[in-house]
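# Structure assessment
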Amino acid sequence: MLVFKLFILALIIVASSTIGILFSKRYFNREKEIKEMKTALNMFATKIKFTYEPIPNLFREIANKIEGNVGNIFEIAATKMDEKSAGEAWEEALNQMPHNFNKEDLAVLKNLSKLLGQTDLEGQLSQIETVNEFLKNQLENALEERRKNEKMYRTLGIVSGLTIAIILI
């Protein structure tokens, strides 16, 4: 009976610690995805400036080079561009694909949809540059939030598990 009780207590501690780690991982993932999006947008700006390829083709190339959620957003947007405008496809891809962006990040990225494929080359490049600047600020915020919250959630998970285990003893 004692072995069973110790096993359950250990399971509670491990489960709560895992939950704390998963919560803290969101901050790391958000930072990573903002960096990947900045890289993808820089690739997009460079390619439209020098290759003059259609946007769906460029999005597919970017999707092949960028992995994870950000690459999937570009792939979904490229697929949707067969039926819809570039701006609508981009916004739908952002809404459809699961990601770790917060509301502010998403609002910044959706701003890109307003001029995507509707203006000349210079207009699109300036819009991409503007979005990249906003993402730079969001990246700084993500770094600060990560430093502040990541350790807290990990510790909170472990402490909660230990507290529950002590109460049950």
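A quick note: this is a predicted structure, and the numbers were derived from the prediction, not measured.

## Let's talk about the pattern of salt bridges
Side-chain pairs of opposite charge can arise where the charged atoms are in close proximity. This structure, assessed with the given rule, holds 10 salt bridges. Across the pair D105 and R30 runs a salt bridge whose closest N-O atoms are separated by 2.7 Å. Of the two residues, D105 is situated in helix α5 (residues 103-111) and R30 in helix α1 (residues 2-50); the sequence distance between them amounts to 75 residues. Accessibility assignment for this pair places D105 and R30 in one class, buried. Taking the shortest distance from any N to any O, the salt bridge between E92 and K84 comes out at 2.5 Å. Judged by its relative accessible area of 27%, E92 falls in the partly exposed class. For K84, a relative accessible area of 31% corresponds to the partly exposed category. Salt bridges sharing partners connect three or more residues here, namely E31, K35, R146, E150 and R154.

## Remarks on the side chain of Q138
Inspection of the secondary structure puts Q138 in helix α6 (residues 121-168). The exposure class of Q138 is buried, given its relative accessible area of 11%. Among all residues touching Q138, those that are not within four sequence positions of it are R30, I34, N102, E104 and D105.

Thresholds, definitions, all that
Residues numbered from 1 in each chain as written. Predicted model: local features only at pLDDT ≥ 70, side-chain atom pairs only at ≥ 80, totals over all residues. Heavy atoms only, no water. Salt bridge = Lys/Arg side-chain N within 4 Å of Asp/Glu carboxyl O. Helix = DSSP H or I, 4+ residues; strand = E, 2+ residues; numbered from the N terminus. Buried < 20%, exposed > 50% of the residue type's maximum accessible area, 1.4 Å probe, protein only. Contact = heavy atoms within 4.5 Å.

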